[in-house]
Every structure is written in C-alpha cells, then in structure tokens.
Amino acid sequence: MSAKKLQSIRGIHDGLPGEVARWQRVEQAARKVFGSYAFSEVRMPVLEPVELFVRSVGEDTDIVSKEMYAFTDQGGDHICLRPEGTAGAVRAWLQGGLTRAGAQRWYYIGPMFRRERPQKGRLRQFQQIGVEMFSAPGPIEDAEILAMAHAFLSELGVPELKMEINSLGCNSCRPGYRDKLVTYLQARADRLCETCVERITRNPMRVLDCKVASCQAELGDAPEMVANLCDACDRHFTDVQKGLDALAIPYSVNPRIVRGLDYYNRTAFEIVTDKLGAQGTVLAGGRYDGLVEELGGPATPAIGFAAGLERLAMLLDDDEATGPDMAVVALGEAVQGYALAQADLLRKAGLSVVHCGGGSAKRQFKMADREGVRFVAVIGDDEMQAGTVMLKNMATGEQQSVATAAVAGCTG
RNA sequence: GUGGACGUAGCUCAAUGGUAGAGCCCCGGCUUGUGAUGCCGGUGGUUGGGGGUUCGAGUCCCCUCGUCCACCCCA
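Residues numbered from 1 in each chain as written. Chains lettered and ligands numbered in written order. Predicted model: local features only at pLDDT ≥ 70, side-chain atom pairs only at ≥ 80, totals over all residues. Heavy atoms only, no water.

Draft legend 1. Examining the overall build of chain A more closely. Of regular secondary structure, chain A possesses 15 helices and 16 strands. Taking 412 residues into account, the globule formula puts the C-alpha radius of gyration at 22 Å, and chain A, at 28 Å, lies well above it. Total accessible area on chain A stands at roughly 20700 Å², and carbon and sulfur atoms take up 49% of it. Between the centroid of the 46 positive side chains of chain A and the centroid of its 53 negative side chains there is a distance of 3 Å. (Helix = DSSP H or I, 4+ residues; strand = E, 2+ residues; numbered from the N terminus. Rg over C-alpha atoms; globule rule 2.2 N^0.38 Å. Areas by Shrake-Rupley, 256 points an atom, 1.4 Å probe, with all protein chains shown as cover. Lys, Arg positive; Asp, Glu negative; His and termini not counted. Charge placed at Lys NZ, Arg CZ, Asp CG, Glu CD.)

The following block contains the structure:
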C-alpha cells in the first residue's frame, strides 16, 4: 500500500503568492477606510470555548449544531475553532474590562472555520474582515456602519454590488410577528417545498427567502417584519434610512433578508453580487443589542458586520505582476563577497533586490529576466576594481557604467 | 448531510479496450561578461489511490480520496 499523498484538508486551501497579493489589496482597503472611521484593529484567539458560540450564535443554528470544529483537549476542556468573529469580540471586550471605556470601534482580519461542503466562495477555513461597534445605541451608528461598509467596497473598487437592508425587529415585536407568519405558513404548508415545511417550525423567517420558485409564488402576500415593527423599531429603521439618504448611499429595503445567527435584532443588511454563483453575499451584518447581556455583560447596544475576504478577492482583477527593482549578477568567484555587499547596499538605499546567485552570466540574466526586474547590476572584476556596476535597463537593453553610490539614483 | 460533473507530465489538454502523446514551462547547448525572439537536444507519468472484469484497462465495474457545481446553510 503506497503512502497517502500528503495534502491539505478538504476545503482548506493555501494562500500562495498570487492569491495573497489579492488578499492584501482587500486588507489594505479595509485598513485605510476603517482607520478613517477611527476603528482600531484587534486580534482575537482562533480557539474559543464551545460554550461561547452555543450561547451567542445559538445552539440550534447550523453553524453551532453541525459545522463547528469542536473537540475536547487533553485537559478535558471543550474548545473549538471559531466559526465567526462577533462572539469572540464580545467576549474579549467583556474580559478586557472595557464596558465603561466608552464607545469601542474594532475591526479584525482572520480565519474562521466551518465544516461545510466546499463550493464556490465557500471554504472550511476562510477569512473574515469583521467590524464591531460597542455602545452604539442609535440609528446614527447604523448609518455610519453601513456607510463604512460601502466606503470599504468602493475603495476596493468592486463593481456592481447591491446593498440591501431590513429590520428584524426586537424582543417586543418579533415574537408577535413570528406567530403571525407561522400561522400564515401553516395555512399553505401543503404547497411549500419540503425544506420549507421543516423551516416553519425551525426557522420560519427562512421560508421567505426560499429559492424555490413555487414557494416564492405562494408567498406573495406573506406578512413581513418591516410592516409589523413596534413603534421604537419602526422609528429606528426609518432613521437609518434617513441617514443613508443623507449620505447618498444606494440601498434597497429587502424585507426578506434573514440572518442565520440568533443574536441579531433590528437592522440587518447584506451586500451582494451576482458574480459568485450561489454564494453572492460578500458582506453582511447587523445590530445585536442583546448579545452582550446574553454573555454576562451589561446591556449594551452594538452593531457590526463581516466581509468574506476570499469572496471579495474573487471579484478583483488580476494584479499586474511587478518584479523587484533590481537583480545583481555577479561574474566570477573573486567578486562574490563584493557583490553580496553591493546587493545589501542597494537594499539599504530602498530598492528591492534579488541576487542571482553567481554562475554563468547567461543563467543569471535568465533569472533576472524571469524575476521581472527593471534593472540588472552586473558586477565583475572590472566593476569591483572601479567601484562601479554595469547597470542594464532590461526593457531597453541599454547599459552604462555607474558608480555604486549613484546606482539607486539611476533607477527612477 | 444530499445530488451531479470531473481527476492523464509542473500547467493546459489529447489518446475506437491494444506500445501513454502534444503545447507551454523547466534544464542544457548554439560566443564561458548578457535575458526576453530563433534553432537543436534533454528531464519529466505506477493515468489520484485500491480492488475487480479482460488475453490486454487511461478507457468498463465497485470502493475510496480530492476538486468543482448545486441543495442545505452562510462571509
């Protein structure tokens, strides 16, 4: 029996240079825009107690009930790889004693883990860029968070995205709505698809965004949360929209947006594309006013969102490959030490430099060409004696002798 | 978890059940101080893995692993 080929775990992929370059563009846009909104980066653990997600995301959600990588460690603790970022952020905020530190505006970038069947835009280890704002009481904060999400994606330059918002109500208006909806759905359960029939008891609001056409046809006059909000929620939702209007941010109200995690209330939103197959949601989030209290802290309104880094990266154009500034070609044993020192000097002068490793001129020039460098500094006995390098412009083929101290100045 | 498509050289792909190939890449040579074009040559595969049918399997059957797509769900 031959050894099994060594490879990464299903749905868990490597970030190789080309891919990482794309990720970095996404990250840079995030850092720039979030920084302009005075958000600070935080870094939370990847490992968390299972209990954290049971109590926040919800025990009956798919994420917790069947997608978590959970295990018991050698000490008997129940821990898991985090499936999302908000719960850990709240935990950290509480644990760090920041409940009276005023408004906290956080963002983070890091891997999340869900054991799902991989497909386009869906991995078992994927990266999220998350944002959380604690002590964010009103619609002003919602509008700003939405605006920041919009600014982030604009900065990235991803075209044809749509922002959709909804209100999920609160503890005083959602239960009543839910009953109303269940009654409505049960009345026509025999005309809904199998999964929707299950959803009536498990998660009735999910039925509203079922993809099956026959279900949608049946649900034309289904009651919607936005029409059943209590006064406070209704006012909140209206003010969020006023804020977006004032900022001229394009959006549409989609009364059928549902969030999969239990902790959301009031404002929920998604930014979607039609370019990623079935996984069109590129950024999503909402308000979670009850979560902090749920996890043992003081009642604290908060709002946040998460963006899928890989999903965003897929929407980006290819980078134009830019090679290093310069390659050092060293000819002959006698100049090896000198050439190493010259490469070092060029780097200290601010250039990115590859050393071609000696050997035949042909081999080294081939390497320089392949690296895509703009210039080659040729160093042989003559150059060493004269304190110069033969500087070759790879695009034009021209070369000239330049004093080593002046090389960096000749590469503009 | 369910359903479908697909796994052949580093990459992209060929090969009526009958000797596994091409292009690109890579390495070397065509001036031992000059690349990207050209010419010549070369390396590279237990056809994802395992079993079965057959005189003979890349090709047919079963299992398994993986990738992709969709459902479910979600970023």
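Draft legend 2. Examining the domain arrangement of chain A more closely. Splitting chain A by domain gives domain 1 (17-173 + 229-314) and domain 2 (326-410). One C-alpha centre belongs to domain 1, the other to domain 2; they are set 49 Å apart. (Domains from an automatic or database assignment.)

Draft legend 3. Just the protein's contact with RNA strand B, in detail. Around RNA strand B, a shell composed of 52 residues is seen, among which Arg114, Lys120, Arg122, Arg199 and Arg206 lie nearest. The sugar-phosphate share of atoms of RNA strand B within 4 Å of the protein amounts to 58%. At 3.1 Å, a side-chain N or O of Glu116 approaches a base oxygen of RNA strand B. Interatomic distance of 2.7 Å between a side-chain N/O atom of Lys392 and a base oxygen of RNA strand B. (Near = heavy atom within 4 Å. Polar contact = N/O pair within 3.5 Å; in protein donor to acceptor, adjacent residues only side chain to side chain.)

Draft legend 4. Region of the structure containing the UniProt feature "domain: Aminoacyl-transfer RNA synthetases class-II family profile" (unreviewed entry) in chain A. Mapped onto the present numbering, the UniProt feature "domain: Aminoacyl-transfer RNA synthetases class-II family profile" (unreviewed entry) falls on residues 23-324. Span residues 23-324 is 38% helix and 21% strand, its end C-alpha atoms 20 Å apart. (UniProt positions renumbered as here; feature names shortened; annotations may be inferred.)

Draft legend 5. Broad picture of the pairing of strand 15 (residues 388-393). As judged from the four bridges shared by strand 14 (residues 375-379) and strand 15, these two strands associate in the antiparallel manner. What sits directly across from Phe375, in strand 15, is Asn393. The pairing of strand 15 with strand 16 (residues 399-403) spans five bridges and is antiparallel. Paired with Met390 across the strands is Ser401, a residue of strand 16. Connecting strand 15 to the antiparallel partner strand 16 that follows it, the hairpin turn spans five residues, and Gly397 within it adopts a positive phi of roughly 85°. (Pairing = 2+ DSSP bridges.)

Draft legend 6. Inspection of the packing of aromatic side chains at higher detail. For the structure on display, the rule yields eight aromatic pairs. Taken together, Phe34, Tyr107, Phe152, Phe269 and Phe305 form an aromatic cluster joined through their ring pairs. Across from the ring centre of Tyr184, 3.9 Å away, lies the NZ or CZ of Arg188, which sits over that ring. (Phe/Tyr/Trp six-rings, centres within 6.5 Å; stacked < 30°, edge-to-face > 60°. Lys NZ or Arg CZ within 6 Å of the ring centre and 35° of its normal.)

Draft legend 7. Summary view of the side chain of Gln342. Here Gln342 lies in helix 13 (residues 336-348). In contact with Gln342, not counting residues within four places along its chain, are Ile379 and Thr404. (Contact = heavy atoms within 4.5 Å.)

Draft legend 8. Up close: the UniProt feature "binding site: L-histidine" (unreviewed entry) in chain A. Here the UniProt-annotated "binding site: L-histidine" (unreviewed entry) positions come out as Glu84, Gly85, Thr86, Arg114, Gln128, Glu132, Arg259, Tyr263 and Tyr264. Of the annotated set, the members that line the largest cavity are Glu84 and Gly85. Here Thr86 lies in helix 4 (residues 86-95). Here Thr86 is in contact with Tyr108, Glu132, Tyr263, Tyr288 and Leu291, once residues within four sequence places are set aside. Among the secondary structure elements, Arg114 is positioned in the loop between strand 5 (104-113) and strand 6 (125-134). The exposure class of Arg114 is buried, given its relative accessible area of 15%. Residue contacts for Arg114: discarding those within four places in its chain leaves Ile63, Glu67, Tyr69, Pro83, Glu84, Leu123, Arg124, Phe126 and Gln128. (1 Å grid on protein atoms, 1.4 Å probe; cavity = no way out; pocket = protein on both sides within 12 Å on 5 of 7 lines; lining within 4 Å. Buried < 20%, exposed > 50% of the residue type's maximum accessible area, 1.4 Å probe, protein only.)

Draft legend 9. Focus on the layout of surface pockets. In this model, the second largest pocket occupies a volume close to 160 Å³. Taken together, Pro17, Gly18, Ala21, Arg22, Asp318, Asp319, Glu320, Ala321 and Thr322 make up the lining of the second largest pocket. Grouping the constituent residues of the lining of the second largest pocket by class yields three nonpolar, two polar and four charged. (Points joined across faces, edges and corners; volume = space filled by probe spheres on them. Nonpolar A, V, L, I, M, F, W, Y, C, P; charged D, E, K, R; others polar.)

Draft legend 10. Spotlight on the packing of helix 5 (residues 139-156) against helix 10 (residues 231-246). Relative orientation of the contacting elements helix 5 and helix 10 amounts to 45°, with a least axis distance of 8 Å. Relative to helix 10, the element helix 5 is oriented oblique. For the element pair helix 5 and helix 10, the recorded crossing hand is right-handed. Contacts from Pro139, Asp142, Ala143 and Leu146 in helix 5 reach His236, Asp239, Val240, Gly243 and Leu244 in helix 10. Residue composition of the contact of helix 5 with helix 10, by class: five nonpolar, two polar and two charged. (Axes fitted to C-alpha atoms, helices over the stretch in contact; angles between N-to-C directions. Parallel < 35°, antiparallel > 145°, perpendicular 65-115°, else oblique. Left-handed = near helix turned anticlockwise from the far one by under 90°.)

Draft legend 11. Expanded view of the sheet that holds strand 7 (residues 162-167). One open sheet accounts for eight strands, arranged 1-5-6-11-10-9-7-8; its pairing is mixed. Each edge of the open sheet carries a strand with a single partner, namely strand 1 (40-41) and strand 8 (252-253). Here strand 7 pairs with strand 9 (residues 265-272) via six bridges, running antiparallel. Across the sheet, the residue bridging to Met163 is Ile271, located in strand 9.

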